[in-house]
Amino acid sequence: MKKIILFTAVLMSAVGFSQAKIEFKATDNTIDYGTVSKDTDSGVRAFEFTNTGNEPLVIKNVQSTCGCTVPTKPTEPIMPGKTGKIEVKYNMNPGPIRKTITVESNASNYEGGRISLKIKGEVIVPKEVNPLEKKKTGPMQ
């Protein structure tokens with residue numbers, strides 16, 4: 001009987017420690033675009049992460065709060081100790097950026113394997129210069 005209890009305890013311990021864990025490199029799981037121009041920025045950023053567990057990490061699904069942000073997930077499992085990335089393409093509409101991307105995975109260090117990622121910043125439209133407009137000069141003498 002003692003052997004059965006000991007075997008069960010060892011088996012449960014091994015299963016309990018056999019887990020995938022995800023750790024993102026972005027502070028607070030947020031990428032800050034800062035102030036960017038639609039004309040000079042593609043809107044593509046990447047959330048880099050590491051599987052700090054000892055089982056393969058599987059990213060099952062990645063979705064955004066709106067169609068203006070398109071995330072792309074890794075297609076293969078991320079092996080223990082390896083890194084991966086989730087690419088995000090924002091459509092660069094002028095104005096503030098405040099979007100959430102939800103990641104569904106088998107990570108044991110987040111409840112239900114669900115992780116929220118955020119992007120923030122502001123997209124500006126550069127002021128156009130009209131070549132026909134007179135330039136202002138100093139006071140006339």
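Residues numbered from 1 in each chain as written. Predicted model: local features only at pLDDT ≥ 70, side-chain atom pairs only at ≥ 80, totals over all residues. Heavy atoms only, no water.

Draft legend 1. Layout of the overall build of the protein. Looking only at helices and strands, one finds one helix and eight strands in the protein. Reading the protein from its N end, one meets helices and strands in the order α-β-β-β-β-β-β-β-β. Contacts spanning at least 24 positions in sequence make up 69% of the contacts within the protein whose residues lie at least 6 apart. Of the accessible surface of the protein, which amounts to about 9,900 Å², a share of 56% is contributed by carbon and sulfur atoms. (Helix = DSSP H or I, 4+ residues; strand = E, 2+ residues; numbered from the N terminus. Contact = heavy atoms within 4.5 Å. Areas by Shrake-Rupley, 256 points an atom, 1.4 Å probe, with all protein chains shown as cover.)

Draft legend 2. Fine view of the nonpolar core. With 26 residues, the main nonpolar core has Tyr 33, Phe 47 and Ile 119 as its most contacted residues. For this core, the secondary-structure elements that each account for two or more residues are β1 (22-24), β2 (30-37), β3 (44-51), β4 (59-64), β6 (83-90), β7 (95-105) and β8 (114-124). When residues of this core are assigned to their parent elements, the largest contribution, four residues, is made by β8. Discounting residues that sit within four places of it in the chain, Tyr 33 has contacts with Gly 43, Arg 45, Val 88, Tyr 90, Met 92, Ile 97, Ile 119, Lys 120 and Gly 121. (Core = buried A, V, L, I, M, F, W, Y, C linked by side-chain atoms within 4.5 Å. Buried < 20%, exposed > 50% of the residue type's maximum accessible area, 1.4 Å probe, protein only.)

Draft legend 3. Local environment of unusual backbone geometry. The phi angle at Asn 29 is positive, at roughly 55°, despite the residue not being glycine. A positive phi angle, close to 65°, is found at Met 92, a residue other than glycine. Its place among the elements puts Met 92 in the loop between β6 and β7. Taking the relative accessible area as the measure of exposure, Met 92 reaches 2% and is therefore buried.

Draft legend 4. Looking closely at the pairing of β8. In β8, alternate side chains face the same way, and those of Ile 115, Leu 117, Ile 119, Gly 121 and Val 123 are buried while those of Arg 114, Ser 116, Lys 118, Lys 120, Glu 122 and Ile 124 on the opposite face are not. Note: β2 against β8, six bridges, orientation parallel. The residue bridging Thr 30 from the neighbouring strand is Lys 118, located in β8. As defined by bridge partners, β7 adjoins β8 across ten bridges and the pair is classed as antiparallel. Pairing of Arg 98 across the sheet is with Lys 120, part of β8. (Pairing = 2+ DSSP bridges.)

Draft legend 5. Here's a closer look at the pattern of salt bridges. The final tally for this structure, using the stated rule, is three salt bridges. Of the charged contacts in the structure, one is a salt bridge between Lys 85 and Glu 87, with a shortest N-O distance of 3.6 Å. A relative accessible area of 43% means that Lys 85 is categorised as partly exposed. Take Glu 87: its relative accessible area is 34%, and that puts it in the partly exposed class. With a closest N to O distance of 2.9 Å, Arg 114 and Glu 104 form a salt bridge. (Salt bridge = Lys/Arg side-chain N within 4 Å of Asp/Glu carboxyl O.)

Draft legend 6. Region of the structure containing the packing of aromatic side chains. Tallied over the entire structure, the rule returns three aromatic pairs. With centroids separated by 6.4 Å and ring planes inclined at 90°, the aromatic side chains of Phe 24 and Phe 47 adopt a geometry described as edge-to-face. With a gap of 23 residues between them, Phe 24 in strand β1 and Phe 47 in strand β3 connect regions that are remote in the sequence. The residues Phe 24 and Phe 47 share a single accessibility class, namely buried. With a centroid separation of 6.3 Å and 70° between ring planes, the pair formed by Tyr 33 and Tyr 90 is classed as edge-to-face. You can see Tyr 33 sitting in strand β2 and its partner Tyr 90 sitting in strand β6, a full 57 residues away along the chain. Across the pair, exposure class does not vary: Tyr 33 and Tyr 90 are buried alike. Chaining the aromatic ring pairs together yields one cluster made of Phe 24, Phe 47 and Phe 49. Taking NZ or CZ as reference, Arg 45 lies 4.1 Å from the ring centre of Tyr 33, over its face. (Phe/Tyr/Trp six-rings, centres within 6.5 Å; stacked < 30°, edge-to-face > 60°. Lys NZ or Arg CZ within 6 Å of the ring centre and 35° of its normal.)

Remember, this is a structural readout, not a statement about activity or role.
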